[in-house]
Amino acid sequence: MARITLRVNGTTHSVEADPDTPLLYVLRDDLALNGPKFGCGLGQCGACTVHLEGNAVRSCSVPVSAVVGKKVTTLEGLGSTAKPHPLQQAFIDEQAVQCGYCINGMIMTSAALLKQNTNPSEEQIRAALAGNLCRCGTHQRITAAVRRAALAA
Amino acid sequence: MRDDRRAFLKTAGALVVGFSTGAPAWAKVLPGAVAPAKTVDKEALDAWLAIGRDNRITVYSGKVDLGTGTRTALAQIVAEELDVAFDRVEMVMGDTGTTPDQWITGANLTIAQGGSELRRAAASARAALIQRAARRLGAAPADLVVDEGVVRVKGDPSRRASYGDLIERGFEIKVDPKVALKKPTDYRLVGRNIPRVDIPGKVTGEWTYVHDFRLPDMLHARVIRSPIFGARVVSVDDRAARGIGGFVQTVRKGDFLAVVARSEWAAVKASRAIRVQWGEGTRLPEKNTVFQTWRARPVAKTDSTQKAGDAPAALAQAARRVKASYEFSVQTHASIGPSCAVAHFKAGQLTVWSASQATHSMQTELAAITGLPAAAIRLVYLEGAGCYGRNGHEDATADAALIAQQIGKPVRVQWMREDETARAPKSPPRAMDFEGGLDAQGNVIAWNADFWIALNHIVAFKPLDFPLLAATELGQPKPGNWVGFLFQNAGMGYTVPNIRVETHHVAETFFRSSHLRSPGRIENSFANEGFMDELAHAAQADPAEFRLRNLKDARAEAVIRAAMKLAGWQSRVGINPAPGSGNIVRGRGISYTRYNNAITYVAAVAEVEVNRDSGAVRVTRLCIGHDCGQMINPDGVANQVQGGALQTVSRTLIEEVQWTPERVTSVDWTTYPIARFTDLPTVDIELIDRPGEPAWGVGEPTAVVIPGAIANAIFDATGARLRSVPFTPDKVKLALAAAAPAARA
């Protein structure tokens, strides 16, 4: 066990954790940030996606020791029900959720995409989200929400 | 929200209600809060509804929202019938201490059955409150009107009382089964696209899934199960696990084995460090001959599912006979989040926070596993990842209950990906044989079909005989399957004079088998609609027109015509003559089913591209006509129709559980892949609303028309019949090779 300091959503936290602990477990269990979800622990599905220095990464596959001194942003860091991020608002407007378990990854991956490409085509959105799995079949609404957010920006 | 949660967490260890200070108990129901138990007697009105003095309505629903939006739709139904604003209504779902048992959430029944029961309760409540208001205000009930939960005397606005003024100690009366219901023409909430109440929380991380629920001093567990199918524990050596920081203990009872730790990561590491010697497993049948094996298995019973005229005699006289066999592979729910549950056992009381679709029947299942009386077990529903049937939620619930009972401390069990993909229940395999006969004019005169379906082990319509993993590991063998009503839609939905349909119920499956979205209907409709297409081709008819010719139901015709119109259907006989481009050929196919031959009507046109060299199929567009009667929330309907369509493209083209004789080898997303964004078509939908007609379910019907539509589109593109789901490139290439001589002939 080691004391690890990390900066998440603009706040510095100090946690007691094994250095090899996946960042996901620290975010969820130590910081009570429930946005990122455990989907596979293998980096295959994208449900645990967070931003590390602005890039979308799979927090199930990043050891917490690797993010010391780096900026981590979670879904909670984008916005809240009281003050949603434009992408979160677009997902609400398009009702782009069924069970919603994958949606963290969809929003975090799309947020990273929109920073690179402010006006992605539907094809570019599908390609950017191809590594994120949705089991409910919400794909069409998710791409519509990302398009909506891009157009609103 | 944060303050509420903290207040709850402080007190939840003692399993008392933890509402934020100062607020009345009904003002905000906290996710997972263990409210005092109350009546759950279905006849008692107080079982269904509570009204606070602040006029807030709490609805107690035994049906749960599995991520489909029914939390919103059911609230719409209640708010409508009670004449209150939508945002006054809050839903408590699936808590065995406070909600009535409305049977499991499944079988496409949440709106049709669950909604009807809530509607009667709400109407009974409104009638009772009007009676009370009449007494209090000294007016005749006929002279009273209700406006947003306030009862007024017509023409005298000063004489009024709110529901909260009238509720006193509760209703203390029975639900009136014959209560007058509101006329659909007076609806102002039902039929509107009210946004789902759960979505803002779900897109911001504020929603509490069962995975997110925590108790003070909660420990974390991982369950250890054999990778070898059916193998029992020979010996366990946990010395290496004990050396891991944060390790608390190993739990072993019979063959049930788990590790408990202070953190999730320590539990994961301990589960990997523990050394287990496993015994011999149970051999699984060879996968490549599974359908032959399935047909040869002992049959528990054969039912005549549909009979009209004399099919064998009509076949003997037919001018043209067509014969074909169909198959549907073993698939799995593959929930995006592995199952999870939290449990606490204290002072003889077991509380389990569970994402089960069957919390009420789990009470009995857990009683058998723990030896506790059912009355000492409380299940509190919290949403999990979408389950689409009985996935691992129930097993994880049992795991958590058993561990909590052993350790006496709050514990969270999180399944790993392999647990969910490999060890959660599977849909059973399926084989189906057809023979049809046409007369000289191309009319279908005979339909003869045999379906080899898995036997459903029904005990009082509850899955009490289901072999939960923990039950089996404790040495409590259970007989078998809870697979749903697999005979449904074996009967065909067209007007054919001579029909013989039999279902042969195979006594035992290979895997633990459960219902997976649209169970039975998806396999049956795939085969029925594929074979109907074969008959259309034999009759030299356009497949859509052929279907219409054999239907006498205006609502059926309407959904077919809606799908055809969306697709710009071009009538033709035989294979698409367009040359395609390079190796790619294109086609369109149609499929129609009335769910259970009794409720929702749905038709789909699929457009596909087939690569003749690689065998790869791409569905480029789906056009769907859908009629579920009265729609409660049309956008909610559309969401389910789209989801059912897209999920089933994945099942049709890709999904198949893989195994060797020793083990299930589908363990993650590379070994059980599902469709990705880049694989999926656009879906165009026409929803036909039928205000005033019964409201039928929408979660399951769309799925059943997708495999047939895709198969028929592949035929249109290539002349090859795909009769075995999934349509993998290998199977497509085989079908193309088989079709080539026929096409030349």
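Residues numbered from 1 in each chain as written. Chains lettered and ligands numbered in written order. Predicted model: local features only at pLDDT ≥ 70, side-chain atom pairs only at ≥ 80, totals over all residues.

Engineer: Would you take a moment to explain the interface of chain B and chain A for this structure?
Structural biologist: Where interface size is quoted, it is often the accessible area lost as the parts come together. Facing 47 residues of chain B, the contacting portion of chain A comprises 50 residues. Only α5 (199-202), α7 (264-273), α17 (634-653) and β24 (682-687) of chain B provide two or more residues apiece to the side of chain B that touches chain A. Examining the composition of the side of chain B that touches chain A, we find that eight residues originate from one element, α17(B), more than from any other. Class assignment for the residues of the side of chain B that touches chain A results in 18 nonpolar, 20 polar and nine charged. (Contact = placed C-beta atoms within 7 Å. Helix = DSSP H or I, 4+ residues; strand = E, 2+ residues; numbered from the N terminus. Nonpolar A, V, L, I, M, F, W, Y, C, P; charged D, E, K, R; others polar.)

Engineer: Hey, could you run me through the domain arrangement of chain A in this one?
Structural biologist: All names here are of chain A. Along its sequence, chain A is organised into domain 1 (2-77) and domain 2 (86-152). Relative placement of domain 1 and domain 2: their C-alpha centres are 21 Å apart. Tallying the contact residues gives 14 residues for domain 1 and twelve residues for domain 2. At three residues, strand β3 (residues 49-52) tops the list of elements feeding residues into the side of domain 1 that touches domain 2. Class assignment of the residues belonging to the side of domain 1 that touches domain 2 gives a composition of seven nonpolar, six polar and one charged. (Domains from an automatic or database assignment.)

Engineer: Teacher, can you tell me more about the nonpolar core here?
Structural biologist: Side chains that are nonpolar tend, in soluble globular proteins, to be buried together. Core analysis: the biggest nonpolar cluster contains 275 residues, and B:Val78, B:Ala343, B:Ala400, B:Ile403, B:Ala563, B:Ala604 and B:Ile714 have the highest contact counts within it. If near-sequence neighbours (up to four positions away) are discounted, B:Val78 is found in contact with B:Ile57, B:Val59, B:Val89, B:Leu118 and B:Ala122. (Core = buried A, V, L, I, M, F, W, Y, C linked by C-beta atoms within 7 Å. Buried ≥ 20, exposed ≤ 12 C-beta atoms within 10 Å, placed from the backbone.)

Engineer: What's the story with the domain arrangement of chain B in this structure? I'm lost.
Structural biologist: All names here are of chain B. Segmentation of chain B into domains returns domain 1 (2-194), domain 2 (210-280 + 333-423) and domain 3 (289-330 + 427-744). Here domain 1 and domain 2 have C-alpha centroids that lie 34 Å from each other. Counting residues at the interface gives 21 residues for domain 1, matched by 24 residues for domain 2. In terms of residue class, the side of domain 1 that touches domain 2 is made up of nine nonpolar, nine polar and three charged.

Engineer: I tried to follow the pairing of strand β22 (residues 601-611) of chain B on my own but got confused; where do I start?
Structural biologist: Consecutive residues of a regular strand have side chains that alternate between opposite faces of the sheet. Residues and elements named next belong to chain B. Across the eleven residues that make up β22, a large majority, nine, are buried. Relative to β22, strand β21 (residues 584-594) runs antiparallel, the two sharing eleven bridges. Bridging across to β22, Gly587 finds its partner in Val608. Pairing between β22 and strand β23 (residues 617-627): ten bridges, direction antiparallel. Each bridged residue has a counterpart across the sheet, and for Val602 the counterpart in β23 is His626. (Pairing = 2+ DSSP bridges.)

Engineer: I would appreciate a short explanation of the sheet that holds strand β6 (residues 156-162) of chain B in the present structure.
Structural biologist: Hydrogen bonds between backbone groups are what pair the strands of a sheet, and the pairing can be parallel or antiparallel. Residues and elements named next belong to chain B. With respect to topology, three strands assemble into an open sheet ordered β4-β5-β6, the strand pairing being antiparallel. Looking at the sheet topology across the chains shown, the edges are occupied by β4 (144-147) and β6. Averaged over neighbouring strand pairs, the angle between their axes works out to 30° when direction is ignored. Here β4 pairs with strand β5 (residues 150-153) via four bridges, running antiparallel. In the sheet register, Val146 faces β5, and the bridge partner there is Val151. (Axes fitted to C-alpha atoms, helices over the stretch in contact; angles between N-to-C directions.)

Engineer: What is the right way to read the sheet that holds strand β1 (residues 49-51) of chain B from this model?
Structural biologist: Residue and element names in this part refer to chain B. An order of β1-β2-β3 is seen for the three strands of this open sheet, with the pairing classed as mixed. With partners counted over all chains shown, the strands left at the sheet margins are β1 and β3 (89-93), one partner each. This sheet shows a mean twist of 20° between the axes of neighbouring strands, independent of strand direction. By the bridge criterion, three bridges tie β1 to strand β2 (residues 57-61) in an arrangement that is antiparallel. Paired with Ile51 across the bridge in β2 is Ile57. Across the sheet, helix α2 (residues 70-82) is in contact with β2 and β3; its angle to β3 comes to roughly 130°.

Engineer: Just to check I follow, could you spell out the pairing of strand β4 (residues 55-58) of chain A for this structure?
Structural biologist: Inspection of the sheet shows β3(A) paired to β4(A) by four bridges, in the antiparallel sense. Bridged to A:Val50 within β4(A) is A:Val57.

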